[in-house]
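# A look at the structure
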Amino acid sequence: MILTVTPNPSLDRTYEVPSLDRGEVVRATGERVDPGGKGVNVSRAVTAAGRRTIAVLPLGGAPGALVADLLDAQGIEVAPVPVAGATRSNIALAEADGVLTKINAPGPELTPAEQELLLDTVRRQSPGADWIACCGSLPRGLAPSWYAELVVRVHAVGVRIALDTSGPALLAALRERPDVVKPNAQELAEAVGRPLVTVGDALKAAEELRGMGARAVLASLGADGQLLVDDDGAWFGTAAVDVVRSNVGAGDSSLAGFLVAGGRGPEALASAVAHGAAAVRLPGSVMPTPADLDPAAVTVTAEVPADRALREPAP
């Protein structure tokens, strides 16, 4: 069972549009409404893979009630934390050429009592979990050290933790040695304080995050592939994608694929790459099922191409 924690969930509306022209009336060709937030997406992907998950998240107002209803309709068990503020609503505009524009609301501010209730709910739901995936930005009211405190509490009950966040919250949590962190290239560059222009740059940055405390680093490099660095070495995985419909939730799908495959080693990396590649072929934030995966298209190697230039360099 994979328990997910989403401190700042959302109600996500995704519109598919031919192109985005400022100041003009843009007619959508497709529309979806989904429960959102990185941890929520991981739960959705785990469910799509046929595995059990429990989603812990603060919910408030009409948007929060709709998020709970949508998750329930997808067969996802929810452990809600009632909060006074309304759950945020986000909008994503997906253009035909694959360009995505996102408008993310800030979300509610959690009171000290609500923050403690969130931590306590995770503790109560932890028994029996193989992994706890803690994902996304922190809502207003939560200090950057909140994820670090969560890592301490999760390790105290003997459960492994995967962390997908960025900025000060990531740096603070590294000191408590999370079992795996999943930054993208931009978050890697921010964490080490310098640009990444090659795969080798990303590899070095991932190794530095391990030096700061991460036991393993699963780095998403967008169209360039994914890196896994842990005690046993480093691996690089890629998969060809012919048409990109939406990259909303692709990184979350990758993390889910990594965890359902055991969360360790090249086999788990191959699963992460396959899930990420399948996700970008689907509309909105639709999560891939096993039927959507193409494991034969995935290549994983221990010979990391350090000199390869990133198509999407991180400044």
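Residues numbered from 1 in each chain as written. Predicted model: local features only at pLDDT ≥ 70, side-chain atom pairs only at ≥ 80, totals over all residues. Heavy atoms only, no water.

## Examining the packing of aromatic side chains
In this structure the tally under the stated criterion is one aromatic pair. Geometrically, the ring pair formed by Trp146 and Tyr147 is edge-to-face, given 5.6 Å between the ring centres and 65° between the ring planes. Note on Trp146: relative accessible area 6%, which makes it buried. Given a relative accessible area of 1%, Tyr147 falls into the buried group. (Phe/Tyr/Trp six-rings, centres within 6.5 Å; stacked < 30°, edge-to-face > 60°. Buried < 20%, exposed > 50% of the residue type's maximum accessible area, 1.4 Å probe, protein only.)

## So, the sheet that holds strand S7 (residues 100–103)
Overall, mixed pairing links the four strands, which are arranged S3-S2-S6-S7 in an open sheet. Only two strands of the sheet have a single partner each, and these edge strands are strand S3 (30–36) and S7. Mean inter-strand twist for the sheet, computed between neighbouring axes without regard to direction, equals 20°. (Pairing = 2+ DSSP bridges. Helix = DSSP H or I, 4+ residues; strand = E, 2+ residues; numbered from the N terminus. Axes fitted to C-alpha atoms, helices over the stretch in contact; angles between N-to-C directions.)

## Thoughts on the environment of Leu209
Mapped onto the fold, Leu209 is located in helix H7 (residues 199–212). For Leu209, a relative accessible area of 0% gives the class buried. Sequence separation of Leu209 and Val229 is 20 residues, and the distance between their C-alpha atoms is 9.8 Å. Leaving out residues up to four positions away in the same chain, Leu209 has contacts with Leu170, Leu174, Val181, Pro183, Leu188, Ala191, Val192, Ala214 and Val217. (Contact = heavy atoms within 4.5 Å.)

## Observations regarding the side chain of Asp12
The topology assignment puts Asp12 in strand S2 (residues 10–17). One buried charged side chain, Asp12, makes no salt bridge at all; its nearest oppositely charged neighbour is Lys102, positioned 6.2 Å away. Side chain to side chain, Asp12 and Ser10 meet in a polar contact 2.6 Å long. Sequence-distant contacts of Asp12, defined by excluding residues within four places in its chain, comprise Arg32, Val33, Asp34, Gly36, Gly37 and Asn90. (Lys, Arg positive; Asp, Glu negative; His and termini not counted. Salt bridge = Lys/Arg side-chain N within 4 Å of Asp/Glu carboxyl O. Polar contact = N/O pair within 3.5 Å; in protein donor to acceptor, adjacent residues only side chain to side chain.)

## Concerning the nonpolar core
Grouped together as the largest cluster of nonpolar side chains are 53 residues, with contacts concentrated most on Ile132, Trp146, Tyr147, Leu150 and Leu209. Looking at this core element by element, the count peaks at six residues for H7. Here Tyr147 is in contact with Pro7, Cys134, Cys135, Gly136, Ser137, Leu138, Leu163, Thr165, Ala169 and Ala173, once residues within four sequence places are set aside. Counting 25 residues, the second-largest nonpolar core is a separate cluster that includes Ala216, Leu218, Leu255 and Leu259. (Core = buried A, V, L, I, M, F, W, Y, C linked by side-chain atoms within 4.5 Å.)

## Thoughts on unusual backbone geometry
Positive phi outside glycine occurs at Arg177, with the angle close to 60°. With respect to the helices, strands and loops of the structure, Arg177 is situated in the loop between helix H5 (167–174) and strand S10 (180–181). Exposure remark for Arg177: the relative accessible area of 41% places this residue in the partly exposed category.

## A closer look at the packing of helix H3 (residues 112–125) against helix H4 (residues 146–156)
Viewed as axis vectors pointing N to C, H3 and H4 meet at an angle of 30°, and their least axial separation amounts to 10 Å. Classified by the angle their axes make, H3 and H4 are roughly parallel. Seen along the crossing, H3 lies across H4 with a hand that is right-handed. On the side of H3, the interface is formed by Gln115, Glu116, Leu118, Leu119 and Val122, while H4 contributes Trp146, Glu149, Leu150, Arg153 and Val154. Considered class by class, the residues forming the contact of H3 with H4 number six nonpolar, one polar and three charged. (Parallel < 35°, antiparallel > 145°, perpendicular 65-115°, else oblique. Left-handed = near helix turned anticlockwise from the far one by under 90°. Nonpolar A, V, L, I, M, F, W, Y, C, P; charged D, E, K, R; others polar.)

## Considerations on the side chain of Thr6
Relative to the elements of secondary structure, Thr6 occurs in the loop between strand S1 (2–5) and S2. In terms of polar contacts, Thr6 uses its side chain to reach the backbone amide nitrogen of Gly39, at 3.3 Å. At 2.9 Å, the side chain of Thr6 forms a polar contact with the backbone nitrogen of Val40. Thr6 has contacts with Gly37, Lys38, Gly39, Val40, Val56, Leu57, Pro58 and Cys135, leaving out every residue within four places of it along the chain.

## With respect to the environment of Val26
Tracing the backbone through its elements, the reader meets Val26 in the loop between S2 and S3. Aside from chain neighbours lying at most four places away, what touches Val26 is Val17, Ser19, Leu20 and Asp21.

## Focus on helix H8 (residues 250–260)
By the criterion of burial, H8 is predominantly enclosed, with ten of the eleven residues buried. Just downstream of H8, Gly262 is the residue with a positive phi angle, here 110°.

## A few points about the pairing of strand S5 (residues 77–82)
Pairing analysis gives six bridges linking strand S4 (residues 53–59) to S5, with the strands arranged parallel. When the sheet's bridge partners are listed, Ala55 is paired in S5 with Val78. Once you follow S4 into helix H2 (residues 61–73) and on to S5, the crossover reads as right-handed. (Right-handed = clockwise from strand over helix to strand, strands pointing away.)

## Focus on the UniProt feature "domain: Carbohydrate kinase PfkB" (unreviewed entry) in the protein chain
Those residues carrying the UniProt feature "domain: Carbohydrate kinase PfkB" (unreviewed entry) are residues 16–290 in this numbering. End C-alpha to end C-alpha, residues 16–290 measures 25 Å, and it is 39% helix and 24% strand. (UniProt positions renumbered as here; feature names shortened; annotations may be inferred.)

## Things to note about the state of the cysteines
Scanning the model with the defined rule gives zero disulfides in all. Looking at the unpaired Cys134, the closest cysteine sulfur is the one in Cys135, lying at 6.8 Å. The class for Cys135 is buried, based on a relative accessible area of 1%. (Disulfide = S-S within 2.5 Å.)

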